[in-house]
Each structure stands twice: as C-alpha cells, then as structure tokens.
Amino acid sequence: MSQPAQARAGGSSHTFFRQQRWRSSWVANARLQQGRQQAGAADAPAGEAAQLSRRGAGLLLSSLVLAPWAQQGAHAALTLEDVTPPVAPPQPLSAREATVAAIYERVAPAVANVYDITLRTLPVGGPQAVEQPEGNGTAFVWDTEGHLVTNYHVLGSVLGGAAGKVLPGAKVARVLLLNAEGVQQSFDGYLVGADKARDLAVLKVNAPAALLRPVTLGDSSAVRVGQACLAIGNPFGFERTLTTGVVSALGRGFQSQTGSTIGGGIQTDAAVNPGNSGGPLLDMSGAVIGVNTAIFTNTGASAGLSFAIPSNTVRRIVPQLIRLGAVQRPSLGIQPAADPIARSFKVSEGVMIQTAEPKGPAAVAGLLPTRRGLGGVVAGDVIVSLAGRPVRNLFDLTSILDETDVGDEVEVVALRGVDQQGQPQRVTVRARLEAEAA
C-alpha cells in the first residue's frame, strides 16, 4: 500500500467526521445556490432555466469530489505542536506528601528482599507472575555489622526442613540490597539466630558498609490509635513497595504462621500482602514501630487487617539473637489451659494454670495447677494480673512477659476455687522469673 493510501486507511474517526462536516457544508451551499437559481429561473426562458439547472448540478458534483481533497490539505497543514496539549507545570507536594516521600527515600535502601535458598527465584528483571513462593519476604538492616531482621516464617522452609535443626552460621537465604546506583545486589544470608515463638530471625550478610544503612528503632509504647503509619516491603516480589495507613488498634493478640501466639501486636489498615512479612512498619518520623508479620484474610491478599510485632519486643529479642543465637525468655514455669478446658470451668477471663513445673517460679510462689481431687478435677488458679497489669487472656500474659527479664521478681494475682460455690479466693504472690525451657 502506498504512503497516501496508508495515511487514508489509518485515519482516525475524528478525520472522518471532519470530512463529513466539510461535505455537508459544500452540499448546503450548492443547494442554496441551486435554490436561488431555480427561483430566478421561474421567470427566465426555458433554455436559460435548463442552463441554470445544469450549473447547479455541476456545483453539487464539484462539492462532493473536491471536499475530501480540500480537507486533506487542511489536515496536512497541522503540525505536531498544533495537536499536542500543553503540559501542566509540576505542582509542589503537600506537607504530608513531602514527608512521606522523604521517609521513603531515606528508609527504602535499608529494606532488603529475602529469598529462602531452598526455593527457586525469579529471573533477573523482576516478577513474571503475581504468585510468589512462600519463602519470599522482606528484611531490614539492623546495624552496620551486616545484621538484618526478618520473620522466622520467611525462612520457615529451610529452618524447619527435613535437614533438622539449622545451626547459626548456616547459609539460609539470598538477600538483595540496593546499591548506590539503585540496582539490587545479591548477597548470601547466614543465620545468626531465630526465635520461632516470636516469629523473628536475624541474618548476616557480608556487604560493603556503603550498602548497610540501618533503620531507626522507635518506641512502640508511644504509638497511638489513629496515627499514620507506613509499610515498606516486597509484596508478591515487587521490591520496596510503599503503602500507607493508620494504626487501627493496639495490644492485639494474633497467631503467626509459625503457630505461636504473639501478644501486644499493632493492628493497621496499611496494605500488607504475602512478601511484606519481615518488613518495617514506620511512623511519620521514619522510625520502625513494628515488624509486619501477619494478615487476616480469606483470600490470601490484603483485607485491611494486618498485624505487626511491636518494636519494643523486637528491641529485646534481636540483641539476644545476635549475642547468644537464641532467646532467654522469662517464664512462670506454667502451661496455660486451652480455651475449651478453661470454658468448661466457666473461666471467661484470665489464664488458668493447666500444669506447673514442680520447682518453677509459679509453683515455688504457691500457685496451684489443675489437678484431680476427691470430687473430680479441680480447676487451677486463674492468673488475672501480672506485674501490676491486667491479664485477660494468653495474649496479655505473653505480652507482659515479653517486657520483663529473666530474674525479675513480679507480683502475680490469681483467683482460686473458680469451680467452687461462692466467690473465688483472691491470691497474691511474688514470683521470680526464670528462663523458659528450650
């Protein structure tokens, strides 16, 4: 096809309608002329009338033939500048937008993409599909020594694999950090320590100091419901994605993918999806107030309910993992009763003691476990307060214990005889916390 033919074949619908309007204008003018000539021909001789009629027909034919060519000439006279709309000048960011942008630019280089080494990774160039393997997650730089923090379950495939217990120093992950040119650089990630009960793990990479830009840790006890928050992570493998939201609730208990119960969680409506796990939850100063860990969803994608481990819990656990490779968690030496058992004794609030270590802190302090008596099973003491704070459920108990240290002496308030007639007895004792048994 020749170039003029191609141009005509590829013309837009706008050109077609302009040609139609041009033809209509010519036709209207020709008919007007013809009408005038016919009106004037009424008094003219027959020969002159015929001549006028032929002249009108000629004008009409010329309008139909010449209109497209005239329109094409007018169209060809247009330049790219004539048909290009002006570009709106850039508008200044609002104060909040400028703050969010500045936080992202400062913190994003501290956020890493983590892949479990037991899983196949994506080819260079980014995600090729929406679904990602379970072992893809997020970590953030803890210090300039190369330590990074992530969730235990991000590495769950290798840490809980058939090979048995993975010892500190083992290579468990591939870690992608952002270099000065904005390109991801890959490093081997070695296990430093892991705490399955709190779904936290620490990795170490041998990366240049220029690539290790630690985050700032905030005080999660100062977080308030309603304050703005930001999440940075790698949802579905899309690295360093920023989402925003607000803190929806505090002190939430939730169950992590490791199956453990975590108390004191921060609930947010910031979009968190698979791949965000282990990434930082930030306040509007850019400080880390939590580690994004779990979502509540029926579809596997964000439903506006996500939970983060509070930064104060992270602050206590991570240094122990770096120094010892494990966590010495304070304990009362008890096994709480499961909810169905507690409900069978009409216990709706507090933590009922199912069993107690004979020489553990609770037993030494005088607290009683569930036991068999002459009349059947006798309910154990129900802990309702620890260290001066109310204990409504197991989430509260674990959250309070997470804020104490091994060797601390704490006050424990319990109800005794909840399965007996009348009011239960209120018992107050003091217990010295010991390290939780491995």
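For clarity, every value in this text was computed on a predicted model and none was experimentally measured.

A.B. asks: Could you clarify how one ought to interpret the overall build of the chain in this entry?
C.D. replies: Across its full length, the chain carries 10 helices and 22 strands. Taken across its 438 residues, the chain has 41% of its residues classed as buried. A sequence separation of at least 24 residues applies to 61% of the contacts in the chain between residues at least 6 apart. As displayed, the chain has an accessible area near 23,300 Å², and 55% of this comes from carbon and sulfur atoms.

A.B. asks: Looking at this structure, how should I read the confidence of the model for the chain?
C.D. replies: One rule of thumb: low pLDDT means the predicted coordinates there are not for detailed reading. With 76% of its residues at a pLDDT of 70 or more, the chain shows a mean pLDDT of 82. Across residues 1–19, where pLDDT falls below 50, the model places 6 contacts with residues more than four positions away in sequence or in other chains. Low pLDDT, under 50, characterises residues 124–134; the stretch is placed with 16 contacts to residues that sit more than four places away or in other chains.

A.B. asks: Could you clarify how one ought to interpret the pairing of strand 8 (residues 241–255) in this entry?
C.D. replies: Put simply, side chains in a regular strand alternate between the two faces of the sheet. Strand direction decides the pairing type here: strand 7 (residues 228–233) and strand 8, joined by 6 bridges, are antiparallel. From the neighbouring strand, Leu230 faces strand 8, where its bridge partner is Thr244. Taken together, the 5 bridges between strand 8 and strand 9 (residues 261–268) define a ladder with antiparallel strand orientation. Across the sheet, the residue bridging to Phe254 is Ile262, located in strand 9. Between strand 8 and strand 9, which pair antiparallel in sequence order, lie 5 residues; one of them, Gly259, sits at a positive phi of approximately 90°.

A.B. asks: Sorry, what's going on with the nonpolar core here?
C.D. replies: Counting 49 residues, the largest nonpolar core has Leu148, Leu155, Leu159, Val172, Leu177 and Val205 as its most contacted members. Each residue touching Leu155, except ones within four places of it in the same chain, is listed here: Val114, Asp116, Thr150, Val172, Ala173, Ala201 and Leu203. Counting 20 residues, the second-largest nonpolar core is a separate cluster that includes Ile334, Ala362, Leu397 and Ala414.

A.B. asks: Is there a simple way to explain unusual backbone geometry in this structure?
C.D. replies: Excluding glycine, residues mostly have negative phi values, and the peptide bonds linking residues are mostly trans. At Asp199, a position not held by glycine, the phi torsion is positive, near 55°. If you trace the backbone, Asp199 turns up in the loop between strand 5 (184–195) and strand 6 (200–204). Non-glycine residue Phe236 carries a positive phi angle of around 55°. With respect to the element layout, Phe236 can be found in the loop between strand 7 and strand 8. Using a relative accessible area of 22% as the deciding quantity, one classes Phe236 as partly exposed.

A.B. asks: Even after reading the chapter, I still don't get the environment of Arg426, so can you show me in this structure?
C.D. replies: Inspection of the secondary structure puts Arg426 in strand 21 (residues 425–432). A residue is classified by how much of its surface remains accessible, and Arg426, at 59% relative accessible area, is exposed. Remark: the alpha-carbon pair of Arg426 and Asp381, spanning 45 residues in sequence, is separated by 9.5 Å. When neighbours within four sequence positions are excluded, Arg426 is seen to be in contact with Val384, Val413, Ala414 and Leu415.

A.B. asks: Can you walk me through the sheet that holds strand 6 in this structure?
C.D. replies: Neighbouring strands of a sheet are bound in pairs by backbone hydrogen bonds; such pairs are parallel or else antiparallel. The sheet built from 6 strands closes into a barrel, its strands ordered 1-2-3-6-5-4 with antiparallel pairing. If you compare each strand with its neighbour and ignore which way they point, the axes differ by 40° on average. By the bridge criterion, 2 bridges tie strand 2 (residues 136–141) to strand 3 (residues 147–150) in an arrangement that is antiparallel. Considered in strand 3, the bridge of Phe140 is made with Val149.

A.B. asks: Looking at this structure, I do not really get helix 7 (residues 311–324). What am I missing?
C.D. replies: Side chains that are three or four residues apart share a direction in an α-helix, a result of its 3.6 residues per turn. A rise of 1.5 Å per residue sets the reference length of helix 7, with its 14 residues, at 20 Å; its end C-alpha atoms lie 20 Å apart and thus fit the reference within 8%. Against strand 3, strand 5, strand 6, strand 11 (288–295), strand 12 (306–310) and helix 10 (394–402) lie the buried residues of helix 7. Gly325 occupies a position one or two residues after helix 7 and carries a positive phi of about 80°.

A.B. asks: Please clarify how a nonpolar patch on the surface should be interpreted in this entry.
C.D. replies: On the surface, Leu78, Leu80 and Val83 cluster together to form a nonpolar patch covering roughly 310 Å² of accessible area. Mapped onto the elements of the fold, Leu78 is located in the loop between helix 3 (46–76) and helix 4 (80–83). Using a relative accessible area of 43% as the deciding quantity, one classes Leu78 as partly exposed.

A.B. asks: How should the sheet that holds strand 9 be read in this particular structure?
C.D. replies: Strands sit in the order 7-8-9-12-11-10 around a closed barrel of 6 strands; the barrel is antiparallel. Geometrically, the sheet is characterised by an average inter-axis angle of 50° between neighbouring strands, direction not taken into account. Sheet topology places strand 7 next to strand 10 (residues 280–282); 2 bridges connect them, and they run antiparallel. Directly across from Ala231, in strand 10, lies its bridge partner Leu281.

A.B. asks: Where do I start with the pattern of salt bridges in this structure?
C.D. replies: Proximity of charged atoms lets side chains of opposite charge pair with each other. Under the defined criterion, the tally for this structure stands at 10 salt bridges. Ionic pairing is found between Lys171 and Asp188, a salt bridge with its closest N-O pair at 3.8 Å. With Lys171 in strand 4 (residues 171–178) and Asp188 in strand 5, this pair connects stretches of sequence that are 17 residues apart. In this structure Asp188 comes out as partly exposed when scored by relative accessible area, which is 36%. Where Glu403 meets Arg389, a salt bridge forms, and the shortest distance between an N and an O atom there is 2.6 Å. Taken together, the residues span a long stretch of sequence, with Glu403 in the loop between helix 10 and strand 20 (409–416) and Arg389 in strand 19 (residues 389–390) at a distance of 14 residues. For Glu403, a relative accessible area of 43% puts it in the partly exposed group. Using a relative accessible area of 34% as the deciding quantity, one classes Arg389 as partly exposed. Taken together, the shared-partner salt bridges connect Asp195, Arg198, Arg329, Asp402 and Glu436 into one network.

Here is what the cut-offs are and how they apply
- Residues numbered from 1 in each chain as written.
- Predicted model: local features only at pLDDT ≥ 70, side-chain atom pairs only at ≥ 80, totals over all residues.
- Heavy atoms only, no water.
- Helix = DSSP H or I, 4+ residues; strand = E, 2+ residues; numbered from the N terminus.
- Buried < 20%, exposed > 50% of the residue type's maximum accessible area, 1.4 Å probe, protein only.
- Contact = heavy atoms within 4.5 Å.
- Areas by Shrake-Rupley, 256 points an atom, 1.4 Å probe, with all protein chains shown as cover.
- pLDDT = per-residue confidence, 0-100.
- Pairing = 2+ DSSP bridges.
- Core = buried A, V, L, I, M, F, W, Y, C linked by side-chain atoms within 4.5 Å.
- Axes fitted to C-alpha atoms, helices over the stretch in contact; angles between N-to-C directions.
- Expected span 1.5 Å × (residues − 1).
- Patch = residues over 30% accessible without salt bridge, like charges linked within 9 Å, V, L, I, M, F, W, Y side chains within 5 Å.
- Salt bridge = Lys/Arg side-chain N within 4 Å of Asp/Glu carboxyl O.

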